[in-house]
Amino acid sequence: MSERNCLVANDWVCGEYVRTRGQELVDATVQHLGITAASVLIGVLISLPLALLARRARVFAGPVLGVTTVLYSIPSLAMFSLLLPLFGLSASLVVTGLVLYSLTILVRNMLAGLRAVPEEAREAARGMGYGPLRLLWEVELPLALPAMLAGVRIATVSTVALTTVGSIVDYGGLGTLIVGGLQSDFKAQVLTASVLCVLLAILADLLLLGVQRWLTPWTRVGAPARGGLRIRGPRGRGDEPRVEREKPEKAAV
């Protein structure tokens, strides 16, 4: 009986709210995940070419980093107001704003990762006939991957939080429930939606951390012998030069 009365009593913790509004919570969570995933994915696709452009010539680095930083400093209400004539009250408006906010984090981390690639690795690859695209794909990107994925993790957690701002146009996922609960003083709705938002950020970060560890095993603590890539030349007619991870040497007995 007391559990059913928690809605009437307007308690912060109310199991009856979760049971009776389960579908509403699921729909808001799915919308939150969809907006976050689309924003981060589009941000990555835009940020990589920008980072490559900034790395190619210093004359481009300043404008690229400067513009992305200015975009990040624009308040969310002002950003959505500027984009409103282009997209109207739609999910595209929220996604576009979140993409612009993610650029400063993604571009900086990608650029830092690319700049950290040892020059001797590039020279060795060029000496073995690697063209620009093959050099980028097989040498530079693998070595820059840890820094890039770290930026994706930060951008994802940040986007999970910023998605709630989309509630001002009714496309904020869990943020819409939070704002609605605040306006009606519905405590259980505010707390439940807030906790789900935090859990989404934690789970997304853990998932991306697992992906990062899987893609970059040489960066794991306790596995220093796997920490490098080496360029191997042809050993026969059918073998092409390729980049391989260094294998740990056997310890001398």
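Reference entry: report on the structure contained in this document. All values derive from a computational prediction rather than experimental measurement.

Further remarks concern empty space enclosed by the protein. Using the criterion set out here, one finds one cavity of 30 Å³ or more in the structure. Estimated volume of the largest cavity: approximately 30 Å³. Every residue lining the largest cavity is listed: Leu-98, Tyr-101, Ser-102, Ile-105, Ala-155, Ser-158, Thr-159 and Leu-162. Here the residues of the lining of the largest cavity are counted per class, giving five nonpolar, three polar and no charged.

In this section: the packing of aromatic side chains. Counting across every chain of the model gives two aromatic pairs. Arranged with centres 5.2 Å apart and planes meeting at 75°, the rings of Tyr-17 and Phe-186 form a pair that is edge-to-face. Of the two residues, Tyr-17 is situated in helix α2 (residues 15–20) and Phe-186 in the loop between α9 (174–184) and α10 (187–215); the sequence distance between them amounts to 169 residues. The pair Tyr-17 / Phe-186 is uniform in exposure class, with both members buried. Where Tyr-72 meets Tyr-101, the ring centres are 6.2 Å apart and the plane angle is 90°; that geometry is what we call edge-to-face. Remark: Tyr-101 occurs in helix α6 (residues 91–115) and Tyr-72 occurs in helix α4 (residues 58–73); sequence separation between them is 29 residues. When its relative accessible area of 39% is taken as the criterion, Tyr-72 is described as partly exposed. Arg-134 extends its terminal NZ or CZ atom over the ring of Tyr-130, reaching a point 4.2 Å from the ring centre.

According to the stated counting rule, one finds one disulfide in the structure shown. Residue pairing for Cys-6: its cysteine sulfur links by disulfide to Cys-14, the two sulfurs lying 2.0 Å apart. In this structure, the disulfide formed by Cys-6 and Cys-14 twists by about 55° around the S-S bond and is classed as right-handed. This pair shows no difference in class: Cys-6 is buried, exactly as Cys-14 is.

So, on to α4. Between its first and last C-alpha atoms α4 spans 23 Å; for 16 residues at 1.5 Å apiece the expected length is 22 Å, and the two agree. Of the residues making up α4, those classed as buried are Ala-61, Val-64, Leu-65, Thr-68 and Leu-71. The buried side chains of α4 occupy one side of the element, clustering within an arc of 125° when seen end-on. Away from its buried face by more than 90 degrees, α4 exposes Val-59 and Ser-73. Of the surrounding elements, those touching the buried residues of α4 are α3 (22–56), α5 (76–87) and α6.

The rules we used
Residues numbered from 1 in each chain as written. Predicted model: local features only at pLDDT ≥ 70, side-chain atom pairs only at ≥ 80, totals over all residues. Heavy atoms only, no water. 1 Å grid on protein atoms, 1.4 Å probe; cavity = no way out; pocket = protein on both sides within 12 Å on 5 of 7 lines; lining within 4 Å. Points joined across faces, edges and corners; volume = space filled by probe spheres on them. Nonpolar A, V, L, I, M, F, W, Y, C, P; charged D, E, K, R; others polar. Phe/Tyr/Trp six-rings, centres within 6.5 Å; stacked < 30°, edge-to-face > 60°. Helix = DSSP H or I, 4+ residues; strand = E, 2+ residues; numbered from the N terminus. Buried < 20%, exposed > 50% of the residue type's maximum accessible area, 1.4 Å probe, protein only. Lys NZ or Arg CZ within 6 Å of the ring centre and 35° of its normal. Disulfide = S-S within 2.5 Å. Expected span 1.5 Å × (residues − 1). Arc of directions from axis to C-beta. Contact = heavy atoms within 4.5 Å.

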